[in-house]
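In case you want the letters, here they are:
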Amino acid sequence: MKKITIPYWIFTALVVLFMGMGAIGDTVKAASAVELFKHLGYPDYLLPFLGIAKILGVIAILIPGFPRIKEWAYAGLIFDLTGAVYSTIAVDGFMAGLGFLPGYIIIAGSYMYYHKRQKAGTLSQTNQVKHLEGRTV
């Protein structure tokens, strides 16, 4: 189980740091976030909305249970990142968009290990039930 749990928490902690730090800057309209939005051609009133959405996504990923909400949270973080990549490529070119690749890797890692943990937990619960019923696994 440690082979799944440790990488899950490493990737998930990186997602929390990566998306959470950006979310806080967006929510409080930090000068660097406002400057970036102006550079990309977006209005700064959009910043708090995106920041709060990212914070809610990070919280949903961290809270145990609620698998359907977690799926939507992971999807939302990918949508946010993809929007940032598209905007960056449109304004600054393809090479600038490659800087977001680590973000995709850590979100994908957290997502994949979340599912591995979920599957391992389900299997162990199923095995316990079969054992209690007197069946061998």
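Thresholds, definitions, all that
Residues numbered from 1 in each chain as written. Predicted model: local features only at pLDDT ≥ 70, side-chain atom pairs only at ≥ 80, totals over all residues. Heavy atoms only, no water. Helix = DSSP H or I, 4+ residues; strand = E, 2+ residues; numbered from the N terminus. Buried < 20%, exposed > 50% of the residue type's maximum accessible area, 1.4 Å probe, protein only. Contact = heavy atoms within 4.5 Å. Areas by Shrake-Rupley, 256 points an atom, 1.4 Å probe, with all protein chains shown as cover. Phe/Tyr/Trp six-rings, centres within 6.5 Å; stacked < 30°, edge-to-face > 60°. Lys NZ or Arg CZ within 6 Å of the ring centre and 35° of its normal. Salt bridge = Lys/Arg side-chain N within 4 Å of Asp/Glu carboxyl O. Expected span 1.5 Å × (residues − 1). Polar contact = N/O pair within 3.5 Å; in protein donor to acceptor, adjacent residues only side chain to side chain. Axes fitted to C-alpha atoms, helices over the stretch in contact; angles between N-to-C directions. Parallel < 35°, antiparallel > 145°, perpendicular 65-115°, else oblique. Left-handed = near helix turned anticlockwise from the far one by under 90°. Nonpolar A, V, L, I, M, F, W, Y, C, P; charged D, E, K, R; others polar.

- If you look the chain up in an unreviewed UniProt entry, it shows as DoxX family protein from Paenibacillus anseongense.

## Examining the overall build of the chain
Next, step 1: Along the chain, the regular secondary structure elements total six helices and zero strands.
Next, step 2: Put simply, the chain runs from its N terminus to its C terminus through helices and strands in the order α-α-α-α-α-α.
Next, step 3: Looking at the chain residue by residue over its 137 residues, the buried ones come to 28%.
Next, step 4: For the chain, restricting intrachain contacts to residue pairs at least 6 apart in sequence, the fraction spanning at least 24 positions comes to 63%.
Next, step 5: Accessible surface, the chain as shown: approximately 8900 Å² in total, 72% of it carbon and sulfur.

## Remarks on the packing of aromatic side chains
Next, step 1: For the coordinates displayed, the defined rule picks out five aromatic pairs.
Next, step 2: Judged by centre distance (4.9 Å) and plane angle (75°), the ring pair of Y8 and W9 falls under edge-to-face.
Next, step 3: A residue is classified by how much of its surface remains accessible, and Y8, at 3% relative accessible area, is buried.
Next, step 4: Geometrically, the ring pair formed by Y74 and Y111 is edge-to-face, given 5.2 Å between the ring centres and 75° between the ring planes. Residue Y74 is located in helix α4 (residues 67-92), and its partner Y111 is located in helix α6 (residues 101-132); the two are separated by 37 residues in the primary sequence.
Next, step 5: Aromatic ring contacts, followed pair by pair, group Y74, Y111 and Y114 into a single cluster.
Next, step 6: The ring of Y113 has K116 sitting right over it, with the charged end atom 4.8 Å from the ring centre.

## Quick notes on the pattern of salt bridges
Next, step 1: Per the counting criterion, the structure on display carries two salt bridges.
Next, step 2: K54 is paired through a salt bridge with D26; the nearest N and O atoms lie 2.7 Å apart. With K54 in helix α3 (residues 46-62) and D26 in helix α1 (residues 2-27), this residue pair connects regions lying 28 residues apart in the sequence. With respect to class, K54 is no different from D26; both count as buried.
Next, step 3: In this structure K54 comes out as buried when scored by relative accessible area, which is 10%.
Next, step 4: In the salt-bridge network here, residues are joined through shared partners; they are D26, K54 and D80.

## Quick look at α1
Next, step 1: Compared with an ideal rise of 1.5 Å per residue, which puts 26 residues at 38 Å, α1 spans 36 Å between its outermost C-alpha atoms and is within 8% of the ideal.
Next, step 2: Those residues of α1 not exposed but buried are I4, P7, Y8, T12, V15, M19, G20, A23, G25 and D26.

## Quick word on the side chain of S87
Next, step 1: Tracing the backbone shows S87 in helix α4.
Next, step 2: For S87, the side chain forms a polar contact with the main-chain oxygen of G83, separated by 2.9 Å.

## So, the packing of α3 against α4
Next, step 1: Two elements in contact, α3 and α4, have axes whose closest approach is 8 Å; the angle formed by their N-to-C orientations is 140°. Judged by the angle between their axes, α3 and α4 are oblique. In the crossing of α3 with α4, the sense of the turn from one axis to the other is left-handed. Where α3 abuts α4, its residues L50, K54, G57, A60, I61 and L62 lie against I69, K70, A73, Y74, L77 and D80.
Next, step 2: Grouping the amino acids of the contact of α3 with α4 by side-chain chemistry returns eight nonpolar, one polar and three charged.

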